[in-house]
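# Fold and geometry: a report
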Amino acid sequence: MEIEYIDLSRKVEIEYFLKEWFNDEAFITVKTSGSTGVPKEIQIQKKHLTHSAENTIKYFNLNQKSHFFSALSTDTIAGKMMLIRAMTTDGKISIGSVKRTTMDDLPEQIEFVALVPIQLEHYLQQKDKIRVKTIIVGGAPISDTLKNLCQTISSPIYHTFGMTETLSHVAVKCINGKKDETYEALDGIHFSTQEEQLVIHYPAIGLEALLSNDIVELIDPFHFNWLGRADFAINSGGVKLFPEQIEQKLSESLPYPFFIGSIKDDTLGESICLFISSESDVEIKKEVLLKLLSKFEVPRYYKIGAGFTHTHNGKIDRLGTIKNYSRYEWRKVL
C-alpha cells in the first residue's frame, strides 16, 4: 500500500492504527458510535475486517490500481475500513483532512472515497470538481437538498447502511440517476425482521442474527426500505411516526439545524416537537408546516437553543441535546 499525506496532521493517527493492525494480536479494539446510547469498546477479529474490505472491493470493482481517499478519522469504523481496503488491494491511499472541505484537497482523479453528508454537500457545491469514480456516503440520513445535489454529477453516489458491529456497510443504494429507495445487500449477507426491526445475517464475520435498532420494510431477504430508528420512533395517538422521515421533508425549508423529538402527552401518549439550534429568534407557524407534512407529523411544540451536542464521530446526540435543552422554554407552534 502506498500512502500519500495531504494532511500531515493525521500522520500520527494513521501510524497508530497501522501499528495496531500489524501487531501480533488477532483483533483490534473499536468504539461504537454512541448515536443512541453510551459508546462502548468492542474487539473485532482482523480476518473479519479483511473479509468486509474484500466484500466492498468486489461490489465496487476495485483493484490494485485503485486510488483511495481517506476523509474520515480512524477513530471510526468507516475510517479504519478505508485503510484496510487500500491495504487489501495494495493500492494507493491519499490521507486528507476530516474537515467539511476535505474534498478541496483531492490531488488527482481517485476511484473511491467515503464521506459523511456534510463533506459530500460541500464537494457537490463546488464548480470545479476533481472527478471521483465512486462515492459512498453514510453516518446520517440524506436530506432532500443533498439528494437533489447528487443528481448534478454522473459518478455514482451510494448511501450506505451499516454500523460498527457490522464492520461498515452491509447494504447500499445508489442515490443519483434513479429514485429507488431500496437498499441492496452485499455478497453473503441477508436480512429478516423481528417486529419490523431489521435482523442482519452475516455469517462470514460471525453475525448469525444481529437485531438492529432500525425499522424497515423488508422487500425480500436481500432488499429493504429503511423507515427510521426504533429508538427514535414516536407513537402519537396510535400513529407510529419516524423523526428521520419528517426531518427529510423539512430539510429544504428550515434554514437552521434541527431535529424532531417528542414529549409526553396525556391524550396522545407522545406529541411531536421540534428542536432548533439558532442564535436568533425563530417563529414556527402551523400553516407553513402543513404544506410540507401530514397533520399527524406536524410538531405541536418547539424549543430554540444555542447548539446541539454531538457524538465523538460527529452525529447529533439527540438524547444529550434534549437533556441540555431542558433549560429552554417550550413554545407552541402558532
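First things first, this report covers the structure right here in the doc. (Residues numbered from 1 in each chain as written. Predicted model: local features only at pLDDT ≥ 70, side-chain atom pairs only at ≥ 80, totals over all residues. Heavy atoms only, no water.)

### A word on the overall build of the protein chain
What counts is decided by this rule: The helix count covers DSSP runs of H or I at least four residues long, the strand count covers runs of E at least two residues long, and both are numbered beginning at the N terminus. To get the radius of gyration, use the C-alpha atoms; to get the globule rule, take the number of residues to the power 0.38 and multiply by 2.2 Å. The cut-offs for exposure are 20% and 50% of the maximum accessible area for each residue type, with area from a 1.4 Å probe on protein chains only; residues under the lower value are buried, those over the upper are exposed, and the others partly exposed. Contact definition: two residues touch when any of their heavy atoms are within 4.5 Å. For every accessible area listed, the method is Shrake-Rupley and the probe measures 1.4 Å; residues are considered covered only by the protein chains on display. Only four residue types enter the tally: Lys and Arg on the positive side, Asp and Glu on the negative side; His and the chain ends are excluded. By convention, the charge on Lys lies at NZ, on Arg at CZ, on Asp at CG and on Glu at CD.
For the protein chain, the count of helices and strands is 8 helices and 20 strands. Relative to a compact globule of 334 residues, whose C-alpha radius of gyration would be 20 Å, the protein chain shows 21 Å and is just as compact. When its C-alpha atoms are laid out on the principal axes, the protein chain stretches across 60 × 45 × 40 Å. Within the protein chain, the proportion of its 334 residues that are buried is 49%. The contacts in the protein chain between residues at least 6 apart in sequence include a share of 55% that link residues at least 24 apart. Just so you have it, the protein chain exposes about 16,500 Å², and 49% of that area is on carbon and sulfur atoms. If the 38 positive side-chain charges of the protein chain are averaged to one point and the 44 negative ones to another, these points end up 3 Å apart.

### A few points about the nonpolar core
The cut-off we apply is this: As used in this record, nonpolar core signifies buried Ala, Val, Leu, Ile, Met, Phe, Trp, Tyr and Cys residues forming a set joined through side-chain atoms within 4.5 Å.
Ranked by internal contacts, the top residues of the largest apolar core, which has 46 residues, are L49 and F191. No other element matches the 7 residues that helix α3 (residues 77-89) contributes to this core. Excluding its chain neighbours within four sequence positions, the residues that come into contact with F191 are V170, A171, A185, L198, V199, I200, H201, L218, P221, F222 and F224. Counting 20 residues, the second largest nonpolar core, distinct from the first, contains I110, V132, C150 and I157.

### Re unusual backbone geometry
Despite not being glycine, L167 has its phi angle at roughly 60 degrees, a positive value. Here L167 is to be found in the loop between β8 (157-163) and β9 (168-174). Judged by relative accessible area, which is 3%, L167 ranks as buried. Even without being a glycine, S168 presents a positive backbone phi close to 80 degrees. Note on S168: relative accessible area 11%, which makes it buried.

### As for the pattern of salt bridges
Basically, it comes down to this: By definition, a salt bridge exists where a carboxyl oxygen of Asp or Glu is found within 4 Å of a side-chain nitrogen of Lys or Arg.
All told, the structure shown has 11 salt bridges when counted by the stated rule. Of the charged contacts, one joins R229 and D231 as a salt bridge, the two residues approaching to 3.5 Å between their closest N and O atoms. Assessed through its relative accessible area of 36%, D231 is described here as partly exposed. A single salt-bridge network, built from bridges that share partners, covers D214, R229 and D231.

### Thoughts on the packing of helix α1 (residues 11-21) against α3
For the record, the criterion: Each axis is a line fitted through C-alpha atoms, and for a helix only the stretch in contact is used; angles between axes span 0 to 180 degrees, taken between their N-to-C directions. Should the near helix be turned anticlockwise from the far one by less than a right angle, the crossing is left-handed, and should it be turned clockwise, the crossing is right-handed. The nonpolar class holds Ala, Val, Leu, Ile, Met, Phe, Trp, Tyr, Cys and Pro. Asp, Glu, Lys and Arg form the charged class, and all remaining residues, Gly among them, are polar.
Contact pair α1 / α3: the axes reach a minimum separation of 11 Å and the direction vectors enclose 60 degrees. In terms of crossing hand, the pair formed by α1 and α3 is right-handed. Each of I14, F17, L18 and W21 in α1 lies in contact with α3, whose residues at this interface are K80, L83, I84 and M87. Residues of the contact of α1 with α3, tallied by class, amount to 7 nonpolar, no polar and 1 charged.

### A word on the side chain of S97
The condition is simple: Nitrogen and oxygen atoms within 3.5 Å of one another constitute a polar contact, given that in protein one can donate a hydrogen and the other can accept it, and given that sequence-neighbouring residues count only through two side-chain atoms.
When you line up the elements, S97 lands in the loop between β5 (92-95) and β6 (110-115). In terms of polar contacts, S97 uses its side chain to reach the backbone amide nitrogen of K99, at 3.3 Å. When sequence neighbours within four positions are dropped, the list of residues in contact with S97 reads D7, R10, S70, A71, T102 and D105.

### Some thoughts on the sheet that holds strand β19 (residues 301-305)
Let me state the cut-off plainly: Between any two strands, pairing holds if DSSP finds at least two bridges.
In spatial order, the strands read β17-β18-β19-β20; together these 4 strands make up an open sheet with mixed pairing. Two strands in the sheet have a free side with no partner beyond their single neighbour: β17 (258-265) and β20 (331-332). Across 2 bridges, β19 lies against β20 in antiparallel orientation. By the bridge assignment for β20, Y302 is matched with R331. The sheet strands contacting helix α6 (residues 243-250) are β17 and β18 (269-277), and the helix crosses β17 at an angle near 135 degrees.

### Describing the sheet that holds β5
The 12 strands are arranged β1-β5-β4-β6-β7-β8-β9-β10-β14-β13-β12-β11 in an open sheet whose pairing can be described as mixed. Only two strands of the sheet have a single neighbouring strand rather than two, namely β1 (2-5) and β11 (190-194). Across the sheet, the mean angle from the axis of one strand to that of its neighbour is 40 degrees, orientation sign disregarded. Across 3 bridges, strand β7 (residues 132-137) lies against β8 in parallel orientation. By the bridge assignment, I135 is partnered in β8 with I157. Seen against the sheet, α1 touches β1 and β5 and runs at an angle of roughly 155 degrees to β1. Relative to the sheet, helix α4 (residues 117-125) contacts β6, β7 and β8, its axis offset from that of β7 by approximately 145 degrees.

### Side note on the pairing of strand β4 (residues 67-70)
Using the following cut-off: Convention used here: a crossover is right-handed provided that the path from the first strand, over the helix, to the second strand proceeds clockwise when the strands point away from the viewer.
Every second residue of β4 is oriented toward a common face, with H67 and F69 on one face and F68 and S70 on the other, all of them buried. Where β4 meets β5, 4 bridges bridge the pair, whose relative direction is parallel. In the strand pairing of β5, S70 is matched with I95. For the handedness criterion, the β-α-β arrangement of β4, α3 and β5 is classed as right-handed. Sheet analysis places β4 next to β6, joined by 2 bridges and oriented parallel. Each bridged residue has a counterpart across the sheet, and for F68 the counterpart in β6 is F112.

Read these as layout, nothing more, since geometry by itself doesn't imply function.
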